[in-house]
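Survey of secondary and tertiary structure
Each chain, letter by letter, is given below.
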Amino acid sequence: QVLLVESGGGLVQAGGSLRLSCAASGRTFSSYAMGWFPQAPGKERDFVAAINRSGGSTVYADPVKGRFAISRDNAKNTVYLQMSSLEPEDTAVYYCAAASSLFLTATPINLVEYDYWGQGTQVTVSS
């Protein structure tokens, strides 16, 4: 079983920056693609960023391109989301997720492709 624990959320003013971390348990972290998914109150969980197993390929949702950066350190079993130029629209609970299947896309954007989920960390951007 894979346990994912997010951290780094908090309150930040518009235009500010925040770095989220997701620490994973186990010895097979490098075999999972990883993603970040925000969920605002009353809305469905959405996709913002994904990274492949080695960290050599990333994909982003259009609204965060140029502002967010996903990265991973397989030696530390950790994936990060660096968020810059934050906007009130970015306010949400951010969930970290791991995708295990080798037969799916290298950088999945569909929630169904992810097998393990963290508890989330709250990001609030004030205007």
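Residues numbered from 1 in each chain as written. Predicted model: local features only at pLDDT ≥ 70, side-chain atom pairs only at ≥ 80, totals over all residues. Heavy atoms only, no water.

1. Describing the nonpolar core
Note on soluble globular proteins: their nonpolar side chains tend to be buried together. Grouped together as the largest cluster of nonpolar side chains are 38 residues, with contacts concentrated most on L4, M34, W36, V79, L81, M83 and Y94. Mapped onto this core, the elements with two or more residues apiece are strand 3 (18-24), strand 4 (33-39), strand 5 (49-51), strand 7 (68-73), strand 8 (78-83), strand 9 (92-99) and strand 11 (121-126). Among the elements that take part in this core, strand 9 stands out by supplying 6 residues, more than any other. (Core = buried A, V, L, I, M, F, W, Y, C linked by side-chain atoms within 4.5 Å. Buried < 20%, exposed > 50% of the residue type's maximum accessible area, 1.4 Å probe, protein only. Helix = DSSP H or I, 4+ residues; strand = E, 2+ residues; numbered from the N terminus.)

2. So, the packing of aromatic side chains
Tallied over the entire structure, the rule returns 5 aromatic pairs. Through a chain of ring-to-ring contacts, three or more aromatic side chains come together here, namely F37, F47, Y114 and W117. (Phe/Tyr/Trp six-rings, centres within 6.5 Å; stacked < 30°, edge-to-face > 60°.)

3. Digging into the pairing of strand 11
The alternating pattern of strand 11 places T121, V123 and V125 on a buried face and Q122, T124 and S126 on a face that is not buried. In terms of strand pairing, strand 2 (residues 10-13) meets strand 11 through 4 bridges, oriented parallel. Along strand 11, the bridge assignment pairs G10 with V123. As paired strands, strand 9 and strand 11 are joined by 3 bridges and run antiparallel to one another. Paired with V93 across the two strands is Q122, which belongs to strand 11. (Pairing = 2+ DSSP bridges.)

4. Some points on the sheet that holds strand 8
Spatial strand order, 1-3-8-7: 4 strands in an open sheet with antiparallel pairing. Looking at strand neighbours, the two that pair on one side only are strand 1 (4-7) and strand 7, the edges of this open sheet. Across the sheet, the axes of successive neighbouring strands diverge by a mean angle of 15 degrees, strand direction being ignored. Where strand 1 meets strand 3, 4 bridges bridge the pair, whose relative direction is antiparallel. By the bridge assignment, V5 is partnered in strand 3 with A23. (Axes fitted to C-alpha atoms, helices over the stretch in contact; angles between N-to-C directions.)

5. Focus on the side chain of R72
Looking at where R72 falls in the secondary structure, it is placed in strand 7. No salt bridge is formed by the buried R72; the nearest opposite charge belongs to D73, separated by 8.4 Å. Polar side-chain contacts of R72 include one of 3.5 Å to the backbone oxygen of R53. Here the side chain of R72 touches N74 through a polar contact of 2.8 Å, side chain to side chain. Other than its neighbours up to four places away in sequence, R72 contacts F29, S30, Y32, A33, M34, I51, N52, R53, S54, G55, T78 and V79. (Lys, Arg positive; Asp, Glu negative; His and termini not counted. Salt bridge = Lys/Arg side-chain N within 4 Å of Asp/Glu carboxyl O. Polar contact = N/O pair within 3.5 Å; in protein donor to acceptor, adjacent residues only side chain to side chain. Contact = heavy atoms within 4.5 Å.)

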